[in-house]
Amino acid sequence: MSGAADTRTRLTDQARSVVGNAQRLYGSGPADPVTDWARAVLHDARSRLDEPLRVALAGTLKAGKSTLLNALVGERVAATDAGECTRLVTWYRDAPSPTVLREDLDGRRGPVPFAQDGEGLRIDLRGVDPTRVGRLLVDWPSRGLAETTLVDTPGLDSIRETNSRRTLAFVTPEDRPSGADAVVYLMRHAHRNDVGFLEAFADLARGGAGGLGAVGASGTVVVLSRADEIGGGGLDAITTAGRVAEAYRADPALRPLCQTVVAVDGLLAETARTLRQAEFTALRALARAPRAEVDALLLSADRFCSAEPPAVVAEALASDPDGVRLDAPTRRALMDRFGVYGIRTATTVLRRGARTGRGVVDSVSLAEELVRRSGLEELREVLASRVVGRRDVHKARSALLAVEMVLARAPRPDTGPLAAELERVLTGAHEFTEQRLLAALRQGQVTMPADTQPEAERLLGGDGPDPRDRLGGADDVRAAALEALDRWRTRAESPLTSRAAAEVARAAVRSCEGVLTYL
Amino acid sequence: MKKDLVDLVKVARQAATAYGRPDLEKRLSTVSASVADDRARVLVMGEFKAGKTELVNAVLGGRALPTDAHRATTVPTVCVQGAQRSVMLARAVAGGEEQQQVAPAELAEHVTEAGNPDNRAGWSYAEVTLPVDALDGMRLVDTPGAGGLASPASVSTMAELPGADAVLLVCDGGRELTAPELALVRTASAVCPTVAVVLTRTDLHPHWRRIADLDRAHLDHAHESLRRVPVLPTSAALALHEEASLLAESGLPDLRELLRTEVVGGRHARRTRMAADEVLVVCEQLSARFRAERDALADPGRAQRISDELERSKARVVALRDRAARWQQTLNDGTQDLVSDIEYDLRDRLRTVTTDAEAALDDTDPAKTWEQFAPWLHQQVSAAVSTNVVWAEERTRWLAERVATHFAEDGAGVLPPMASPEGQVMAADPVGLLAAPDHEKFGLSQSLMIGMRGSYGGVLMIGMMTTIAGMALLNPFSVGAGLLLGSKTLVDERKRALRRRQSEAKQAVRRHVDDVIFQAGKNSRDMLREVQRTLRDHFTTTAEELERSLNATSQAAKAVEADGAKRQARLADVAAELERLEALEQRARRIRESVGSARLVGA
């Protein structure tokens, strides 16, 4: 696939050239507010091209954004809490040494003291009025942040309205391109409001002539983030949640607005990725205790954390061969970290491991199994193939949209050649054509005969950009690609095909050619 | 308790008949009707998938209603107590309501997304009769949740608020109240006597106590009146667990207690106070005549003075009945103002909807987006109309109170004294009577919804026509000619067609909104006329009753026997009558006081 990477890098180079030319053009001339604004936007666009991809975690209140961020990083960096917790847009970037910077609305920056206590960073604003703060920048040495800068955002339906406005101003600002190259949107269930926010992110009107959207459906992944609660915390909760996610993937209201929908138990994922040895031994002791007593204890979070469990349970918990004492504080800590579903799942997995002597027998294998069961693996695969794997496309799009916005809002008489260059890249790059047509197909702006539309979407990368995904999981990718190429070429050339459908068919042909070229 | 009350009203009615006052008897007959149906209406509301149906099941103590992890309830389900389990479905049809009995086991096929997505069957509600003690004195209404992808019309639940005795706002115990939820609590507490926030699934959320504290703080902070709104943590899973000892941990006993004392008890107390006050008013009017006669009999020299005084009072009562009386003017002017205010409010709200709708249509091709657009429009229009109805109800209540105050002020001195300060203003709980039986069952909102459904169907037809027209233009064969003309012309042709579709869609929106304004405006005008008529009749009748009482009293005072022996005998008779009425009065007072103290315990 190095060839495919080459074309994408070519796209980045083209974007770099467009932005560079724009910077040169706007570098001359008067220092009026509009030109200053244009320079700032272009400067930001240029530096973004060389930085890691910016992925925002957005969603409604308590959807589990910070928890999922920690799960993706593999460390507890973002503080989480039962109440509304994240009140400022917070950037997490990879860096050689940890620092936290505060950036005020007027652009001034200053260091902020912080402490890490295993529950995430405690950031001390020292009495600074939070309404003055634009964002927090957390520099954190972590492999989990090497390829992407993750941006945590306040809940979108907060009672404290200013918090929600911060998120919207970041993802869909009025006066500059979106601060995010891609969005992971978290929700508990698909609420009408969620659809409204997703529409704003995919808003085609704001994507300009490119028709690519502020972030675009291609840059949006929806996560059903509290998968454990959907099935009432039962052992099959994640399976139930997976079914719900599948139903949402096919839902006509959500389908045009995102790449895909994935179910994840964020809490379990976070805990599994940061599992401690002491937690493993505590869970193992719990799994060794008589099952009936443990089940009775797990009827509710309150019971599990109770200081005085029924005598028979207390006895069972006190008689662990390794001498692990499951006292109330230990149990409370377990509940905070795993939740009811997490503890039920972990003990079930450990019991099976102990019985069979295979599978989950130590903390490493337990962590792996819990990550698998949390749905995080699937999300990471989706992100790797569709978001991070296509970072050059996403970043180039952000940069080009910035130039487009500058041209529209800070017009000058001498921008003709720049506008032409921009137009050439936006319409010439096959990656953008794919995104544009995919969005048009899913939103129904372009219709194909019903029997050909699913394949068209797939070939254009609707199920993922990998050749196998494009060809519907065929074993012999080459043969399938050749066959599809042939069929779609015929369709593209047929006089009976409508103009719009022919455009789709031509794009599908190019996508097939792309697959064949780099096989 | 209830039997005592029914009995009291019955005895008072007999007394009114016996003393030759059919007018007072008639007045009491309305009271007995309202006392007879004493079931409090409890709405269970909240965002979709918050656990409303689960909670209702927990209150009922069994899985009577269907629940599912993914599919939500789409039809309001009314639970009532009855000897046998049965399910009745109802939908509005021209000129009334069509009802259909179905097997209880089939309920899920009719009221959830599983069998009836988007409520395509068009049921307006399902009534489930269950032999469950927890439903004693209550109609428990499980509503479709707000905000789900499949429940666009659910805002119509808002229009049910004015008729409700209690609203339970159900929220997931894993997160704080959101802004829309807080707004709902605020609206509900303006029109319903009892509002409570119920947290669900506390078994799954270790931090529900924090959430409860945060919600408490949000409520306290939001508005003074929300301080009395309780936050009740519950777990349906624990309540429905086979092990009965878990019930105590489920929070359900507290909720049931709230429903029993504050909601059912509160409604009973309100009705009892109203009925007892009515009986006291009647007693007072009946005994006034005997008191005057007794005074005249005891001292024949005062008879003339008493009679003169009564004549003066009569003149004032006549003035009170007069069309020029202040309360009449308050009522007439107030109704007129209300009609125009409410209509203005509705127009204003719908104008905003129209503007938003047109802006949305400007950015899209209606041929493609109409399917999503039509439900959105429906939701916005329902929300506007619902808010308008709630607001109208509040304003109407305020008007009724003002009229009652003016009536009481105008009649100060001639009106019989009331048992309590609140009784003086709300002499006969006029609003309570208005809101009585027929408003109970999806009455007011139903007529609105029918009107809207009717006109909505119209738009849907126009909408489909637009869609078909749009499809035809994009059909490969019909643009065949365009292909020959070259791409530029084609684009222009398509733009023109798009513009035409957009303007057709905008016209459809405006027509729909006009229809709604006409229908909803007519409904609210009719409702207000009805209110005006009811209030006028009520107070005029009260004045007429007073006049008759005064007539009877002055006649009794004049007709004092000259013969000493006969006078003594009559005096003894009159004293005995007064004693009987006194006893009835005492009884009414006792009953009234009994609910007064019961309410204190509940609070």
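Rules used throughout
- Residues numbered from 1 in each chain as written.
- Chains lettered and ligands numbered in written order.
- Predicted model: local features only at pLDDT ≥ 70, side-chain atom pairs only at ≥ 80, totals over all residues.
- Helix = DSSP H or I, 4+ residues; strand = E, 2+ residues; numbered from the N terminus.
- Buried ≥ 20, exposed ≤ 12 C-beta atoms within 10 Å, placed from the backbone.
- Contact = placed C-beta atoms within 7 Å.
- Rg over C-alpha atoms; globule rule 2.2 N^0.38 Å.
- Expected span 1.5 Å × (residues − 1).
- Bend = angle between axes of the 7 residues up to and from the residue.
- Pairing = 2+ DSSP bridges.
- Axes fitted to C-alpha atoms, helices over the stretch in contact; angles between N-to-C directions.
- Core = buried A, V, L, I, M, F, W, Y, C linked by C-beta atoms within 7 Å.
- Parallel < 35°, antiparallel > 145°, perpendicular 65-115°, else oblique.
- Left-handed = near helix turned anticlockwise from the far one by under 90°.
- Nonpolar A, V, L, I, M, F, W, Y, C, P; charged D, E, K, R; others polar.
- pLDDT = per-residue confidence, 0-100.

1. A word on the overall build of chain B
- Of regular secondary structure, chain B possesses 17 helices and 9 strands.
- Across the 603 residues of chain B, 46% fall into the buried class.
- In chain B, 82% of the contacts between residues at least 6 apart in sequence involve partners at least 24 apart.

2. A short note on the overall build of chain A
- Helices and strands together make up the secondary structure of chain A, namely 22 helices and 11 strands.
- Taking 24 Å as the expected radius of gyration for a compact globule of 519 residues, we find that chain A reaches 25 Å, a close match to that expectation.
- With the C-alpha coordinates aligned to their principal axes, the bounding extent of chain A is approximately 85 × 60 × 40 Å.
- Put simply, chain A has 519 residues, and 48% of those count as buried.
- Put simply, of all contacts in chain A between residues at least 6 apart along the chain, 73% involve residues at least 24 apart.

3. Examining helix H22 (residues 499-517) of chain A
All names here are of chain A.
- A rise of 1.5 Å per residue sets the reference length of H22, with its 19 residues, at 27 Å; its end C-alpha atoms lie 27 Å apart and thus fit the reference within 8%.
- Listing the buried residues of H22 in full gives Ala501, Val504, Ala505, Ala507, Ala508, Val509, Ser511, Cys512, Gly514 and Val515.
- Those residues of H22 hidden inside the fold are in contact with helix H18 (430-442), helix H19 (453-459), helix H20 (467-470) and helix H21 (477-493).

4. Let's talk about helix H8 (residues 252-298) of chain B
- At Gly265(B), H8(B) shows its strongest bend, of approximately 35°.
- Burial within H8(B) is extensive, with 36 of its 47 residues counted as buried.

5. Quick notes on the sheet that holds strand E2 (residues 90-93) of chain A
Residues and elements named next belong to chain A.
- Judged by pairing direction, the sheet is mixed, and its 9 strands sit side by side in the order E4-E3-E7-E2-E8-E1-E9-E10-E11 without closing on themselves. This sheet does not close on itself; its edge strands, each paired only once, are strand E4 (109-111) and strand E11 (261-263). Between one strand axis and the next, the sheet turns by 25° as a mean value, whatever way the strands run.
- Sheet analysis places strand E10 (residues 220-224) next to E11, joined by 3 bridges and oriented parallel. Paired with Val223 across the two strands is Val262, which belongs to E11.
- Here helix H3 (residues 65-73) sits on the sheet in contact with strand E1 (53-59), E2, strand E8 (148-152), strand E9 (182-187) and E10, set at roughly 160° to E8.

6. As for the nonpolar core
- Of all hydrophobic cores here, the largest spans 119 residues; its most connected members are Tyr185(A), Val223(A), Val504(A) and Ala508(A).
- The element contributing the most residues to this core is helix H13 (residues 328-356) of chain A, with 9 residues.
- Beyond its immediate chain neighbours, meaning those up to four positions away, Val223(A) contacts Leu68(A), Val184(A), Tyr185(A), Leu186(A), Val262(A), Val264(A) and Leu379(A).
- Counting 63 residues, the second largest nonpolar core, distinct from the first, contains Leu43(B), Ala72(B), Ala126(B) and Leu130(B).

7. Some thoughts on the pairing of E10(A)
Residues and elements named next belong to chain A.
- The buried fraction of E10 is high, at 5 of 5 residues.
- The alternating pattern of E10 places Thr220, Val222 and Leu224 and Val221 and Val223 on opposite faces, both of which are buried.
- Where E9 lies against E10, 5 bridges are found, and the strand directions are parallel. Bridge assignment links Val183 to a residue of E10, and that residue is Thr220.

8. A closer look at the packing of helix H1 (residues 2-18) of chain B against H8(B)
Residues and elements named next belong to chain B.
- The contact between H1 and H8 brings their axes to 10 Å, and the two run at 20°. Taken together, the axis directions place H1 and H8 in an arrangement best described as roughly parallel. Where H1 crosses over H8, the handedness of that crossing is left-handed. For the pair H1 and H8, contact is made by Leu5, Leu8, Val9, Ala12, Ala15 and Ala16 and by Thr272, Ala275, Val279, Val282 and Leu286, respectively.
- For the contact of H1 with H8, the residue count by class is 10 nonpolar, 1 polar and no charged.

9. Here's the deal with the packing of H18(A) against H22(A)
Residue and element names in this part refer to chain A.
- In the contact formed by H18 and H22, the axes pass within 10 Å of each other and the chain directions differ by 135°. In terms of orientation, H18 and H22 fall into the oblique class. Both H18 and H22 take part in a crossing whose hand is left-handed. Mapping the contact onto sequence places His430, Thr433, Glu434, Leu437 and Leu441 in H18 and Glu503, Val504, Ala507, Arg510, Ser511 and Gly514 in H22.

10. Side note on the pairing of strand E5 (residues 125-130) of chain B
Residues and elements named next belong to chain B.
- Counting buried positions along E5 gives 5 out of 6 residues, so the element sits mostly inside the fold.
- Sheet analysis places strand E2 (residues 77-81) next to E5, joined by 5 bridges and oriented parallel. Of the residues in E5, the one forming a bridge with Thr77 is Ala126.
- Pairing between strand E3 (residues 86-93) and E5: 5 bridges, direction antiparallel. Within the sheet, the bridge partner assigned to Leu89 lies in E5 and is Ala126.

11. Focus on the environment of Ser374(A)
Residues and elements named next belong to chain A.
- Mapped onto the elements of the fold, Ser374 is located in helix H14 (residues 363-374).
- You can call Ser374 buried: it has 28 C-beta atoms within 10 Å.
- Filtering out sequence-adjacent residues up to four positions away, Ser374 remains in contact with Val264, Asp265, Leu268, Ala269 and Ala272.

12. Let's talk about the environment of Arg325(A)
- Tracing the sequence through the fold places Arg325(A) in the loop between helix H12 (311-318) and H13.
- Between the alpha carbons of Arg325(A) and Thr281(A) there is a distance of 9.9 Å; along the sequence they are 44 residues apart.

13. Thoughts on the confidence of the model for chain A
- Confidence in the prediction for chain A averages 84 pLDDT; 94% of positions are at 70 or higher.
- Taken as a whole, residues 1-5 of chain A scores under 50 in pLDDT and shows 4 contacts with residues more than four places along the chain or in a different chain.

14. Examining the confidence of the model for chain B
All names here are of chain B.
- Confidence in the prediction for chain B averages 74 pLDDT; 78% of positions are at 70 or higher.
- Per-residue pLDDT, averaged within each element of chain B, yields its smallest value for helix H15 (residues 480-485) (21) and its largest for strand E9 (residues 231-233) (96).
- Contacts from residues 150-155, a stretch scored under 50 in pLDDT, to residues over four places away or in other chains number 24 contacts.
- In this model, residues 418-493 is a region of pLDDT below 50 whose contacts with residues beyond four sequence positions or in other chains number 112 contacts.

15. Topic: the environment of Ile591(B)
- Its location among the elements puts Ile591(B) in helix H17 (residues 564-602).
- Filtering out sequence-adjacent residues up to four positions away, Ile591(B) remains in contact with Asp4(B), Leu5(B), Leu8(B), Thr272(B) and Ala276(B).

16. Some remarks on unusual backbone geometry
- A positive phi angle is found at Arg201(B), which is not glycine, with a value near 55°.
- Mapped onto the elements of the fold, Arg201(B) is located in the loop between strand E8 (194-200) and helix H6 (208-222).

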